[in-house]
Amino acid sequence: MDPSRKRRVRLVVALTVALLLAGALVYTTFSAASPERIPSQLSDAQPGQSYKLGGRVVAGSIRRERDAMTFEVQDPKGPAKVPVSYTGSVPDPFREGREVIVTVQREGSTFVGERDSLVTKCPSKFQSETPS
Amino acid sequence: MATFGRACLILGLAVALYGIAASVHGARSGRRDWVVSGRRAVYALAGLATVAFVVLEIAFLRSDFRYEVVATHSSTTTPLFYKVAAPWSSQEGSLLLWVFMLSIWSSLVLFLTRRRLREVAPWATAVLLGFGAFFCALLVFLESPFDELPATPVEGTGLNPLLRHPSMMIHPPMLYSGYTLFAVPFAFAVGALLTRRVDAEWIRSTRRFALGAWLALGVGILLGARWSYSELGWGGYWAWDPVENASLMPWLTGTAFIHSIMIQERRGMLKVWNASLVLATGVLAILGTFLVRSGILDSIHAFGASTLGIPFVSLIAVMIAGSVALVVSRREALRSEHKLDSLLSREAVFLGNNLVLVGLCAVIFWGTFFPLISEAITGDRASVGPPWFNRYTVPLALVLVFLSGLGPLIAWRRASAAGARRNLLGPALVGVAAAVASVALGAGSSPPTVAMMGFGAFVLAGVTQEFWRGAGARRAMSDDGPARAVVSLVRRNRRRYGGYVVHAGMALLFIGIAASSALQDTQDANLRPGQSMRSGDYEVRYVRPTSSITTTSDGRLERVNFGAVLDVRREGKHVTTLEPSRAFFPSTAVDEFGPVGRFFEGEATSEVGLKAGVLRDVWSAMTPDIDALKPMIDEGDKVFTRFAQDGNVTQTARSEALAQILVAITERYRRSPPPTTFRVITSPLVAWIWIGALVIFVGGAIALWPGGDSVRRRARAGYKARVARDLGSAEEREPVSATS
C-alpha cells in the first residue's frame, strides 16, 4: 500500500472511531440526563425517573429530623408546591425563601432528594440586593 | 473621583479604538510610526485602566458609599483585607480587573516583542485592543463601577460572608490572569495567520505567556478547589459546576497547546492543529468569563441577573467565525514541513496526549452545555450530574496520566525498541508494584483507583529516572556533588526539567483525587453532647458545645459563632480534637427581622474542623438546629425593643444591651445545646492534591523563570567555543560570542 493511501485509510479509521465515540456520548447523555422541572410541572412525574427540581423554599416548611430534612419547594412565580425529603450536605446559603435546585425522584406523594444534590441559587452571593 | 474614574474608562475606550485603527493602518501601509503609535495606545490603556482600578480600590478602602458598587459590596465592618478584595466580588469590579490585567499583559508582551515580529505584532496589537475596547465599552455603557447613589447610605451591605476567606484575595485574580494571559497567544496567532507568518516565531515569542496563562489558570482552579474543601460545609473540592467546568476547558486546550507547540518548534508540524488549539483556547477563555457573568446556566457561582448576555454572545460568535475563516483560508500556509516518522516517538505520544485533552474538553463542553443543547433539540431542558462526568473523564484521565509518564521516556522522531525498553522497564515495574500495593492496602474495590496508583507511580519513577540519569551525566563531566549536579541540570534546561516537575506534581494530584474520591467515607448524623458517630476507622464523639461572639477591631458585633468540640478516636486511642463551628452573620434586611433575630437570619458559614495528614484527612462540619433557640431570640427582640423605646437611651447603651442579649443566647447555647447535624469525612491521601498543586507551581515557576533560554544559549555557545578551540579554528569564535 502506498504511503498516501495508508494515511488516508488511517484517517478514515480514526474519524470513524471518533464519530462512534461521539455518537455513544450523545446517546448516553440523553438517557442519563435529568429533566429540569419546577413544582407545577411535576404532576405527571414518573417514579424511578430523576428530575432536577428548581424552585423557592417555602417559608416555615423546613423540618430537621435525625438524619433527614424535609421542606417544600414552590414555583418561583406561582402557588404550586411539592414536599421534598432530603439527606446529605446542606449548602451554607440554604434558607427559607431562597431558590434551590435539588435532584429528586418521586416516591408516593413525596419527592426524595438525591444525597448531596442540593444547590442553593443565591442571588446575593456576588450581587447583593439594594442596600437598606 | 467617580467622574474621574468614569473619564478614565471613556478615555480608555477612545484610546483602544484609536489604537486599533492606528495598528491596522500601520500594518497595511507598512508605516512604522503608526504601528508604534498603536503600541503606545496599549500602554496608555494600561495606564488608564490602572488609574481607574486604583480609584475604585480607594473608594472601597475609604468605604465611600456614594458609589453604588461600594455600598452593595462592602461596609465599614468589612475587615481591611476584604475591603481590598471586595471590588472583584462585584460584576463591575471584576470586569474592570479584567481590563486592567489584559492591558498590563498586552503592554508587557508588546514591549518584549517591540523589535521582533514586525509584521505580526501590529495585528496582534489590534486584536488585544479589540478585547480592551470590548470590556471598556461594557464598563462605560452597561456596568459602570462608578455609578453613584442618589442618597449616600450610612452603611453598606458588606462583603458576602461566604467570600471572606484568604483565597478571595488570590483565587479570582489568578483565574483572571489566566483568562487574560491566554488572550496574548490568541492575538499573536491571529496576527500570524493574517500575515501568513506561521513559522514558530510567534510561538516562541508568546510561549511564556501561554505557559504563564496555563499556570495561573491551573493554580487559580486548585485554589478554588482548596477553598471549597476548607470553607464550605460540603467537604468536596470539585462538583462539575458549570463555572468550574468553564475554567477547566481553556486549561485543557491550553495544556494541549503548550505540548504541541514543541512539535511545531522542533519539527514544523501540526501547524493547523496549534493554530486551532490556541484560537479555541482564546474562545473558551472568553466563554468562561461569559458563563460566570451571564447566568445562562444554573451555577452556585453565577452573578445575579445580567445584561451582558448579548454582547458576550456576539463577541464569541465573531471570535469563532473569524478563527474558522482564518484557519481555512490559510490552510496552504499551514502545511506541515514534516511527517510523523513513527508511532513510537515523542511526537506520537504528544499527539495522543493532545487528542485525550481535547477529548476531555469536548466531553466537559457537551455536559456543561447539555441543558441548552437538549432544550434546543427536544424542547425540554435536562442536565447531567457528576456521575455522568465521572464516567467519561475518569478513563480519559487515566490515559492522560499514563501518557504523561510515557512522553519523557520516549525519544523524538523515532525511538528504537531497545531504547524504549531500557527507559520504560524500571518505571513500569514501579508502576505495577504500586498497583499491587494499593490492592493490598484496600483499594481493590475501585479498579480506576488501582490503575491511577500504578500510572501515577509510573510517572513519578520515570521523572526520577530522568533526573537521576541527567544528574549522573553531569557528574561524569564535572566533579559536582549530587545536589549541585541536579541544580545545574535544571538550570541548563529549565523548560524541560520544569516540565518534568510539573508532571510529577500532576501524578501526585491525580493519586490524591483517585484515592480520596473513591475511598472516602462521608457520614452525616444528628448528635447531642455525649453521643458518637463513626466514619471510616474513626469514632467521633460530640464532647461539648462552644459559642462566642466576634467583634470587629472597632468593637462592632460582626458575627455569632456556635461550635462543637469533637473527640476523635481510633481503636480506642485519642487521635485528635476537632472544633468545627458555624458563624452567623447578621442579615442586612434590618426592617424584616428584629435587632437580635437578624443575627440568625443572615448568611451562615461553616468553619471546618480539619485534621490533615499525608495519609488521611479527618474533616468535620456542623449545623446546629437553631430553631430550638427561637423562643429565646424572640424574647431578646422584645426586651431590646422595649429598652430601646426609651428616648433617653444612648447609642452606646443600646449596643451594650444588644451585646448582653447575644451573650445570654450564646451562654444558653452552651448550657442546653440543641441537637446538631455533623458531617464527618475520612478521606485518604487527599492532602496529596494540595502537595501536588505546590509541586506543579514550583515546576511551572522553574519553566517560566526568565533567563532559562539565555543560560542554555550561553552553555551551548561555551560548548561550541570549546569545540572550536579544540579543533584549532579560531575564526569560529566570532559568531559564537555574538550569540551569547
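Just so we're clear, the structure is a prediction, and the values are computed from it rather than from any experiment.

S.K.: Would you explain the overall build of chain A in this entry?
M.R.: Helix and strand counts for chain A stand at one helix and eight strands. Mapped in sequence order, the helices and strands of chain A form the string α-β-β-β-β-β-β-β-β. Counting contacts in chain A only where the partners sit at least 6 residues apart, residues at least 24 apart contribute 47% of the total.

S.K.: Sorry if this is basic, but what is going on with the domain arrangement of chain A here?
M.R.: You can read the domains of chain A as domain 1 (1-33) and domain 2 (36-121). Summarising the inter-unit geometry, the C-alpha centres of domain 1 of chain A and domain 2 of chain A are found 41 Å apart.

S.K.: How do you make sense of the environment of Val487 of chain B when you look at a structure like this?
M.R.: Of note, Val487 of chain B is situated in helix 16 (residues 482-492). C-alpha of Val487 of chain B to C-alpha of Ala471 of chain B: the two residues are 16 residues apart in sequence and 8.6 Å apart in space.

S.K.: Where do I start with the sheet that holds strand 11 (residues 676-684) of chain B in this structure?
M.R.: Picture the strands of a sheet paired through backbone hydrogen bonds; they go either parallel or antiparallel. Residues and elements named next belong to chain B. Strand order in this open sheet of four strands is 2-11-10-9, and the pairing throughout is antiparallel. The open sheet terminates on both sides in strands that have one partner only, identified here as strand 2 (521-527) and strand 9 (609-611). Sheet twist, expressed as the average angle between the axes of neighbouring strands with direction ignored, equals 15°. As defined by bridge partners, strand 10 (residues 616-624) adjoins strand 11 across nine bridges and the pair is classed as antiparallel. For Met622, the partnering residue across the bridge sits in strand 11 and is Phe678.

S.K.: It is not clear to me how unusual backbone geometry should be interpreted in this structure. Could you clarify?
M.R.: As a rule of thumb, non-glycine residues mostly have phi less than zero, and peptide bonds are mostly trans rather than cis. All names here are of chain B. Residue Arg196 is not a glycine yet carries a positive backbone phi of 60°. Relative to the helices and strands, Arg196 resides in the loop between helix 7 (171-194) and helix 8 (201-231). Overall, the presence of 14 C-beta atoms within 10 Å leaves Arg196 in the partly exposed class. At Glu571, a position not held by glycine, the phi torsion is positive, near 50°. Here Glu571 lies in the loop between strand 5 (557-570) and strand 6 (573-578). By the C-beta count within 10 Å, which is 8 here, Glu571 ends up exposed.

S.K.: Looking at this model, I keep getting lost on the domain arrangement of chain B. Mind explaining?
M.R.: Note on interface size: it is often stated as the accessible area lost on association of the parts. We note that the domain assignment places domain 1 (416-518 + 689-706), domain 2 (521-685) and domain 3 (714-740) within chain B. One C-alpha centre belongs to domain 1 of chain B, the other to domain 2 of chain B, and the line joining them spans 45 Å.

S.K.: Explanation requested: the interface of chain A and chain B in the structure shown.
M.R.: Counting residues at the interface gives 31 residues for chain A and 46 residues for chain B. Those elements giving two or more residues to the side of chain A that touches chain B turn out to be helix 1 (3-32), strand 1 (34-37), strand 6 (99-107) and strand 8 (119-121) of chain A. Considered class by class, the residues forming the side of chain A that touches chain B number 12 nonpolar, 11 polar and eight charged. Here strand 1 of chain A pairs with strand 1 (residues 382-383) of chain B via two bridges, running antiparallel. Following the sheet pairing, Pro35 of chain A is matched in strand 1 of chain B by Ala382 of chain B.

S.K.: Mind showing me how you'd approach the environment of Arg556 of chain B here?
M.R.: Residue and element names in this part refer to chain B. Within the secondary structure, Arg556 is located in the loop between strand 4 (538-551) and strand 5. Accessibility expressed as a C-beta count within 10 Å gives 12 for Arg556, which makes it exposed. Through-space distance from the C-alpha of Arg556 to that of Trp34 is 58 Å; in sequence the pair is 522 residues apart.

S.K.: Please explain the packing of helix 7 of chain B against helix 8 of chain B as it appears in this structure.
M.R.: When two helices pack together, their arrangement is given by the angle between their axes and by how far apart the axes lie. Residues and elements named next belong to chain B. Running from amino to carboxyl end, helix 7 crosses helix 8 at an angle of 155°, the nearest separation of the two axes being 7 Å. Considering their axes alone, helix 7 and helix 8 lie roughly antiparallel with respect to each other. Relative to helix 8, helix 7 is oriented so that their crossing is left-handed.

S.K.: When you look at the pairing of strand 6 of chain A in this model, what are you seeing that I'm missing?
M.R.: Within a regular beta strand, the side chains point alternately toward one face of the sheet and then the other, so they alternate between its two faces. All names here are of chain A. Where strand 2 (residues 50-57) meets strand 6, seven bridges bridge the pair, whose relative direction is antiparallel. Within strand 6, the residue paired with Lys52 across the bridge is Thr103. Here strand 6 pairs with strand 7 (residues 110-113) via four bridges, running antiparallel. When the sheet's bridge partners are listed, Glu107 is paired in strand 7 with Thr110. Counting the residues in the hairpin turn of strand 6 and strand 7 gives two residues, including Gly108, whose phi is positive at 65°.

S.K.: How do you make sense of helix 7 of chain B when you look at a structure like this?
M.R.: An α-helical segment advances 3.6 residues per turn. Residues three or four places apart therefore align on the same side. All names here are of chain B. If you check helix 7, its first and last C-alpha atoms are 35 Å apart, about what 24 residues at 1.5 Å a residue would give, namely 34 Å. Helix 7 sits mainly inside the fold: 23 of its 24 residues count as buried. One or two positions beyond helix 7, positive phi appears at Arg196, with a value near 60°.

S.K.: How do you make sense of the nonpolar core when you look at a structure like this?
M.R.: Looking at soluble globular proteins, one finds that nonpolar side chains tend to be buried together. With 189 residues, the main nonpolar core has Val99, Phe135, Ala189 and Ile511 of chain B as its most contacted residues. Residues contacting Phe135 of chain B, with those up to four places away along its chain left out, are Leu95, Trp98, Val99 and Leu102 of chain B. With 17 residues, the next largest nonpolar core counts Val73, Val100, Val102 and Phe111 of chain A among its residues.

S.K.: Help me out: how do you make sense of the pairing of strand 11 of chain B in this one?
M.R.: Residues and elements named next belong to chain B. Most of strand 11 sits inside the fold, with nine of its nine residues counted as buried. The two faces of strand 11 match: Thr676, Phe678, Val680, Thr682 and Pro684 on one face and Thr677, Arg679, Ile681 and Ser683 on the other face are all buried. Sheet topology places strand 2 next to strand 11; seven bridges connect them, and they run antiparallel. Bridge pairing links Asp524 to Arg679 in strand 11.

Rules used throughout
- Residues numbered from 1 in each chain as written.
- Chains lettered and ligands numbered in written order.
- Predicted model: local features only at pLDDT ≥ 70, side-chain atom pairs only at ≥ 80, totals over all residues.
- Helix = DSSP H or I, 4+ residues; strand = E, 2+ residues; numbered from the N terminus.
- Contact = placed C-beta atoms within 7 Å.
- Domains from an automatic or database assignment.
- Pairing = 2+ DSSP bridges.
- Axes fitted to C-alpha atoms, helices over the stretch in contact; angles between N-to-C directions.
- Buried ≥ 20, exposed ≤ 12 C-beta atoms within 10 Å, placed from the backbone.
- Nonpolar A, V, L, I, M, F, W, Y, C, P; charged D, E, K, R; others polar.
- Parallel < 35°, antiparallel > 145°, perpendicular 65-115°, else oblique.
- Left-handed = near helix turned anticlockwise from the far one by under 90°.
- Expected span 1.5 Å × (residues − 1).
- Core = buried A, V, L, I, M, F, W, Y, C linked by C-beta atoms within 7 Å.

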